[in-house]
Structure formats: C-alpha cells, structure tokens
Amino acid sequence: MTQDPGPLTFEPLFFERVWGGRKLQSFYGKSIPSDKRIGESWEIVDRAEAQSIVRDGPWRGRSLHDLWVNERATVFGSVPDSPRFPLLLKLLDCRERLSLQVHPPASVAALLNGEAKTECWYIADADPEAELYLGLNKLESPHDFRKALRNETAAQLVYRSSVKTGDTFFIPSGRIHAIGGGNLIVEIQQNSDTTFRVFDWNRTDEKGAQRQLHIEEAMRCIDFTDCAPRPIKPEGEKLVSNAFFSLERWQLNETPRELAPPGSFGIALCLSGSCACGTIPFKPGDFVLLPAEATDRTVKPMGESTSLLRITIPHR
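Below, the structure is looked at part by part. Since we're looking at a predicted model, the values are computed, not measured.

Describing the overall build of the protein chain
Item 1. Summing up its helical and strand segments, the protein chain has six helices and 24 strands in all.
Item 2. Over its C-alpha atoms the protein chain spans a radius of gyration of 20 Å, differing by no more than 12% from the 20 Å that the globule rule assigns to 316 residues.
Item 3. For the protein chain, the spread of C-alpha atoms along the three principal axes comes to 60 × 40 × 40 Å.
Item 4. Contacts in the protein chain between residues far apart in sequence, at least 24 positions, make up 74% of those at least 6 positions apart.
Item 5. Of the roughly 14100 Å² of accessible surface on the protein chain, 48% is carried by carbon and sulfur atoms.
Item 6. Counting 38 positive and 42 negative side-chain charges, the protein chain places the centres of these two groups 3 Å from one another.

Structure below.
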C-alpha cells in the first residue's frame, strides 16, 4: 500500500446475554438491536467465528484477520508472531450478575480443549452498590470448594470487592471471578473465548433450562491460593503491563500527543470528552487503531475533560 494508512475504526459486534441490558446505547450511543439485552460489544476481534471489519479508511470492508495476515508490518509493525491478532477488546454491560467462572491457565488450556485467557477490567461506570467477585476469601481446599458447589454455597467463599467508576482490576487465568450487576466495563484480554462456569445463580431460560456448567474443567483451573485481590494502584498513567498487553489512562490537555512511536501501533478508547486521531474524530465508547506506518500519529482533545485508554502490545 502506497498511501498513508491513517487511523482505523471497526464495526462493533453485539452479543445478547442473559445478564445484559441497554446501557451500551444509553451511555455510549451504540446502535444496538432494539429488542435485545446486549451484554457484550466486541470492538476489536480476530476469531474464526467473529471478525472486526474496517469501517473507515482505505481498507474499508477488509477484516482484521486480513490485515493481520497481509498488512502486518504496515498496520502492526514489529509485533510477536501469532496466527491471529492476539487481543480481544470488549465493552460489557452487566445489568445482572455474570456466572461464577474461571479461565484456564496456559498449563492446562490445551488439555481442556480451550485457550488460555488473562484479562483486565476498567470500570467505565458503576452503580453505587456495584461489586465484583474476585478470588477467594481465604485459602480453600479443592475438596471444600467442591462441597460448597454441591451445597450451592460456593459464592460465599469468593471475595467480594466494591467498585467505583475508574477502578481497574487484573484477572489472571486461574482466578475464580464473577461480575456483579450494575457494572459497565472495558475488557482487555488475550484472544480467547474459553470460560468454565461453576455456578450461575440458578438462572433459567424461557424454557426453564439452566446454562451448562463446567465444574470438572474449572476445578483443574482454579487457583485455590488466590485470595482477596485488590484493585490496581496506578503508577502514574500506567494501569497494567504484562507479557500480553499494556494499558494506560491518559488525561489530555490542549497539546496533541503521540499515541504510539513510529513503527508501532496503538489503540485508543475515548473515555470522556471527545478526541481526534489524525482526521478521525471519536467519542466515549469509540475505539481507534493507529497503524504503525501512519504519518499523523497524534491524538488530540476536541473538548474539555478529555480522557482515554491506550492499549498496546509489549515488544518481546
């Protein structure tokens, strides 16, 4: 490609969930289906069953996987090789509690026909009584946890953390967890869709059936030494940095700021106010991907009290 690639935006993919609601529309102005309880908006994804499609720019209509395979250097620069783009970025509207669940560590994921998944949550908006279930209250034996599952008391063993808007939580694979109702969350995760549910609050669908549980798989994944984790304490702008992704929160003043250095890509999500990346304006709830070879590399505020999340992949 000879022309400047410019920043990229993608069409979101909406998924109905039993715990979902309408906040992606009321809070972010997303055009979600009028008759659905939408729980997830997959904003940037490269999976066989779900593909982000470029909405704006010279690559309009092409898939993220197409760009990953055929325009790797131009869009993503020098990044670790993998069959697909290694991150999955979502917005979650959790009107009700999600199931009590765990994601598999890399050590057992393949043995369970799944994919490892480490993730983090940025709380974009939280109701006054909103909470999360993360880790265990104290050390538990697998035997006692299994007994609690049979007695439907396992949730009492899980640590409950109150949350507020702006909090960030890290969820390594192996951590038992659930999201409480009243949370609007930005989720940054490995490119995985493997979840093992152990309890779903005895919910049933319109036919009276409960969702499938995966107790045996989950028992092989849960870290029973993982107790009472706390929210992340920011180090300046840095929120999270690990082998899979880095997350920063920027408060923008009047000066344009380089989103990523030349030769590297960066992703921005507007949190408040309004921004422009190159010639592309974006508002709260909008994601923009800045290609590695884009000429104009700045993001600038277009209004007061502008903030954003910056997501990158560390070089190895």
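A look at the sheet that holds strand E24 (residues 306–312)
Item 1. If you trace the five strands from one edge of the open sheet to the other, you get E16-E17-E24-E19-E22, paired in antiparallel fashion. Each of the sheet's edge strands pairs with one partner strand only, and the pair in question is strand E16 (238–241) and strand E22 (287–290). Averaged over neighbouring strand pairs, the angle between their axes works out to 25 degrees when direction is ignored.

Details of the nonpolar core
Looking at soluble globular proteins, one finds that nonpolar side chains tend to be buried together.
Item 1. Residues Phe-76, Phe-85, Val-186, Ile-267 and Phe-287 are the most contacted members of the largest nonpolar core, which totals 38 residues.
Item 2. When near neighbours in sequence (up to four residues on either side) are disregarded, Phe-76 contacts Leu-64, Leu-67, Trp-68, Glu-71, Phe-85, Phe-265, Leu-289 and Ala-292.

Quick word on the pattern of salt bridges
Item 1. Tallied over the entire structure, the rule returns 30 salt bridges.
Item 2. Across the pair Arg-55 and Asp-56 runs a salt bridge whose closest N-O atoms are separated by 3.9 Å.
Item 3. Residue classification places Arg-55 among the partly exposed residues on the basis of a relative accessible area of 29%.
Item 4. Assessed through its relative accessible area of 32%, Asp-56 is described here as partly exposed.
Item 5. One salt bridge in this structure joins Glu-187 and Lys-117, with 4.0 Å as the shortest N-O distance.

Quick notes on the sheet that holds strand E21 (residues 280–282)
Hydrogen bonds between backbone groups are what pair the strands of a sheet, and the pairing can be parallel or antiparallel.
Item 1. Read across the sheet, four strands follow the order E18-E23-E20-E21 without closing on themselves; strand pairing throughout is antiparallel. The outermost strands of the open sheet, each flanked by one partner alone, are strand E18 (257–258) and E21.
Item 2. Relative to strand E23 (residues 298–301), E18 runs antiparallel, the two being bridged by two bridges. Paired with Arg-257 across the strands is Val-299, a residue of E23.

Section: the pairing of E16
Item 1. As judged from the three bridges shared by E16 and strand E17 (residues 246–252), these two strands associate in the antiparallel manner. Each residue of the ladder has a partner; that of Lys-238, found in E17, is Glu-248.
Item 2. Adjacent in sequence and paired antiparallel, E16 and E17 are bridged by four residues.

Quick look at the environment of Ala-218
Item 1. Within the secondary structure, Ala-218 is located in helix H6 (residues 215–219).
Item 2. According to the relative accessible area criterion, Ala-218 is buried, its value standing at 0%.
Item 3. Taking the C-alpha atoms as reference points, Ala-218 and Thr-195, separated by 23 residues in sequence, lie 8.6 Å from one another.
Item 4. Excluding residues within four positions of it along the chain, Ala-218 makes contact with Val-102, Phe-196 and Val-198.

Let's talk about the side chain of Asp-93
Item 1. Note that Asp-93 resides in strand E7 (residues 87–94).
Item 2. An unpaired buried charge is present at Asp-93: no salt bridge exists, and Lys-23, the closest side chain of opposite charge, is 6.1 Å distant.
Item 3. Within the local environment of Asp-93, its side chain forms a polar contact with the backbone nitrogen of Gly-21, the two atoms lying 3.4 Å apart.
Item 4. In contact with Asp-93, other than residues within four places in its own chain, are Trp-19, Gly-20, Gly-21, Arg-22, Lys-23, Leu-24, Ile-38, Gly-39, Asn-183 and Leu-184.

With respect to the state of the cysteines
Item 1. According to the stated counting rule, one finds zero disulfides in the structure shown.
Item 2. Free of any disulfide, Cys-270 has its nearest cysteine sulfur in Cys-275, 3.6 Å distant.
Item 3. The class of Cys-270 is buried, set by a relative accessible area of 0%.

A short note on the packing of aromatic side chains
Here the distance between the centres and the angle between the planes together describe a pair of aromatic rings.
Item 1. Enumeration according to the criterion identifies 10 aromatic pairs in this entry.
Item 2. Taking 4.6 Å as the distance between ring centres and 45 degrees as the angle between the ring planes, the aromatic pair formed by Phe-15 and Trp-42 counts as tilted. Within this pair, whereas Phe-15 is found in strand E2 (residues 13–21), its partner Trp-42 is found in strand E3 (residues 38–44), the two being separated by 27 residues in sequence.
Item 3. Residue classification places Phe-15 among the partly exposed positions, given a relative accessible area of 23%.
Item 4. According to the relative accessible area criterion, Trp-42 is buried, its value standing at 2%.
Item 5. With a centroid separation of 5.6 Å and 65 degrees between ring planes, the pair formed by Phe-145 and Phe-224 is classed as edge-to-face. Remark: Phe-224 occurs in the loop between H6 and E16 and Phe-145 occurs in helix H5 (residues 142–150); sequence separation between them is 79 residues. With respect to burial, Phe-145 and Phe-224 carry one shared label: buried.
Item 6. Aromatic ring contacts, followed pair by pair, group Trp-68, Phe-76, Phe-85 and Phe-265 into a single cluster.
Item 7. In this structure, Arg-72 packs its charged tip against the face of Trp-68, placed 3.8 Å from the ring centre.
Item 8. Sitting above the plane of the Trp-201 ring, Arg-97 keeps its charged end 3.7 Å from the centroid.

Definitions and cut-offs
Residues numbered from 1 in each chain as written. Predicted model: local features only at pLDDT ≥ 70, side-chain atom pairs only at ≥ 80, totals over all residues. Heavy atoms only, no water. Helix = DSSP H or I, 4+ residues; strand = E, 2+ residues; numbered from the N terminus. Rg over C-alpha atoms; globule rule 2.2 N^0.38 Å. Contact = heavy atoms within 4.5 Å. Areas by Shrake-Rupley, 256 points an atom, 1.4 Å probe, with all protein chains shown as cover. Lys, Arg positive; Asp, Glu negative; His and termini not counted. Charge placed at Lys NZ, Arg CZ, Asp CG, Glu CD. Pairing = 2+ DSSP bridges. Axes fitted to C-alpha atoms, helices over the stretch in contact; angles between N-to-C directions. Core = buried A, V, L, I, M, F, W, Y, C linked by side-chain atoms within 4.5 Å. Buried < 20%, exposed > 50% of the residue type's maximum accessible area, 1.4 Å probe, protein only. Salt bridge = Lys/Arg side-chain N within 4 Å of Asp/Glu carboxyl O. Polar contact = N/O pair within 3.5 Å; in protein donor to acceptor, adjacent residues only side chain to side chain. Disulfide = S-S within 2.5 Å. Phe/Tyr/Trp six-rings, centres within 6.5 Å; stacked < 30°, edge-to-face > 60°. Lys NZ or Arg CZ within 6 Å of the ring centre and 35° of its normal.

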